[in-house]
Amino acid sequence: MHPLLKKKGFIIDIDGVIGRSVEPIEEGVRGAKRLIEMGKRVVFVSNNSTRSRRILLERLKSFGLEVDESCIVSATHATASFIAKENPEARIFTTGEEGLKEELANAGLKIVDYEEANYLVVGSNRKIDYDLMTKALRCCLRGVRYIATNPDKIFPSENGPTPGTGMIIGALYWMTGRLPDVIVGKPSKVIMLEALEKLNLRPEDVVVVGDQIEVDVLAGKNIGAETLLVLTGVAKEKDIERAEIKPDYVLPSLNSIF
Ligand SMILES: [Mg+2]
């Protein structure tokens, strides 16, 4: 038996482990199903800043994984929970898309125009334009609390790399010299603590599974959990030797744990 099967909980990355955008990764899906059947506590975590939990849930369902919303932590949802705990009265201007706005509203937070905002929430937006960047810039210059959903520079889409949330963070930094006060998504502890809270487990009882060393493995290290790198996504064997951070375990896919 693989030593990681002794753990009580699994925090599993979605993109590159369970699916590639809308396409399932069969070995990943099978592995996750078997873990759930064994009675392991499982939470799926995604840095994606445009999808709400509802959208991710539908995607997992289309892969044949029947789970409920409580098993999903997205950067959108974790951002909303973080702000709701920090300041439930926050007045938020966001660059984000509907998926992010949906989660902010679900957490009871108020979305306002940039002039009234005391929070700037930066998330990806595939329709971002000069007008939206101008508003974000003005929030930033005014010194409002600045939160970013995730630090991803590039998003791997079905047809190749596309700009991630880093496009907006980078532009704001170049214009104002400001970086986000808080970044929620992996490798930040913020999203990982949210996942641990959902599992109701201690880090030593949990495995963090992902396909990127600098993102998932580092996120696991940041909370003191053991890490499993799978080779169904971004990281390849040669990247492991080069990396400064080493995963505790490496397997071809999530199902290889069995
Ligand atoms: Mg991934």
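Residues numbered from 1 in each chain as written. Predicted model: local features only at pLDDT ≥ 70, side-chain atom pairs only at ≥ 80, totals over all residues.

### Observations concerning the overall build of the chain
And then number 1: For the chain, the count of helices and strands is 9 helices and 15 strands.
And then number 2: A fraction of 67% describes how many contacts in the chain between residues 6 or more apart in sequence connect residues 24 or more apart. (Helix = DSSP H or I, 4+ residues; strand = E, 2+ residues; numbered from the N terminus. Contact = placed C-beta atoms within 7 Å.)

### Quick notes on the sheet that holds strand 12 (residues 182–183)
And then number 1: Read across the sheet, 5 strands follow the order 7-6-8-9-12 without closing on themselves; strand pairing throughout is parallel. At either margin of the open sheet sits one strand with a lone partner, and together these are strand 7 (110–111) and strand 12.
And then number 2: Strand direction decides the pairing type here: strand 9 (residues 145–148) and strand 12, joined by 2 bridges, are parallel. Pairing of Ile147 across the sheet is with Val182, part of strand 12. (Pairing = 2+ DSSP bridges.)

### Considerations on the sheet that holds strand 4 (residues 41–46)
Each strand in a sheet pairs with its neighbour through backbone hydrogen bonds, running either in the same direction (parallel) or in the opposite one (antiparallel).
And then number 1: The parallel open sheet is built from 6 strands, whose spatial order is 5-4-1-13-14-15. Edge positions in the sheet fall to strand 5 (72–74) and strand 15 (249–251), since each has one partner strand and no second. Between one strand axis and the next, the sheet turns by 20 degrees as a mean value, whatever way the strands run.
And then number 2: Bridging between strand 4 and strand 5 involves 3 bridges; their strand directions are parallel. Bridging from a neighbouring strand, Val45 pairs with Val73 of strand 5.
And then number 3: The sheet contacts of helix 2 (residues 53–62) involve strand 4 and strand 5, and relative to strand 5 the element is tilted by about 125 degrees.
And then number 4: Contacting strand 1 (9–13), strand 4, strand 5 and strand 13 (206–210), helix 7 (residues 189–199) runs over the sheet at an angle of about 155 degrees to strand 4. (Axes fitted to C-alpha atoms, helices over the stretch in contact; angles between N-to-C directions.)

### A closer look at the nonpolar core
And then number 1: Among the nonpolar cores identified, the biggest contains 70 residues, and Ile12, Leu120 and Val209 are the most heavily contacted of them.
And then number 2: Residue-level mapping places this core at the junction of two domains, with at least three residues from each of domain 1 (3–47 + 186–257) and domain 2 (86–183). (Core = buried A, V, L, I, M, F, W, Y, C linked by C-beta atoms within 7 Å. Buried ≥ 20, exposed ≤ 12 C-beta atoms within 10 Å, placed from the backbone. Domains from an automatic or database assignment.)

### Focus: the pairing of strand 13
And then number 1: The buried fraction of strand 13 amounts to 5 of the 5 residues, a majority that puts the element mostly inside the structure.
And then number 2: Residues Val206, Val208 and Gly210 point to one face of strand 13 and Val207 and Val209 to the other, with burial holding for every one of them.
And then number 3: In this structure, strand 1 lies alongside strand 13, joined through 4 bridges in parallel fashion. Counted as the bridge partner of Phe10 is Val207 from strand 13.
And then number 4: What joins strand 13 to strand 14 (residues 226–230) is helix 8 (residues 213–223), and the crossover it makes is right-handed. (Right-handed = clockwise from strand over helix to strand, strands pointing away.)

### Remarks on the domain arrangement of the chain
And then number 1: Domain parsing of the chain yields domain 1 (3–47 + 186–257) and domain 2 (86–183).
And then number 2: On a C-alpha basis, the centres of domain 1 and domain 2 stand 27 Å from each other.
And then number 3: Across the boundary between the two partners, domain 1 contributes 4 residues, which contact 6 residues of domain 2.
And then number 4: For the side of domain 1 that touches domain 2, the residue count by class is 1 nonpolar, 3 polar and no charged. (Nonpolar A, V, L, I, M, F, W, Y, C, P; charged D, E, K, R; others polar.)

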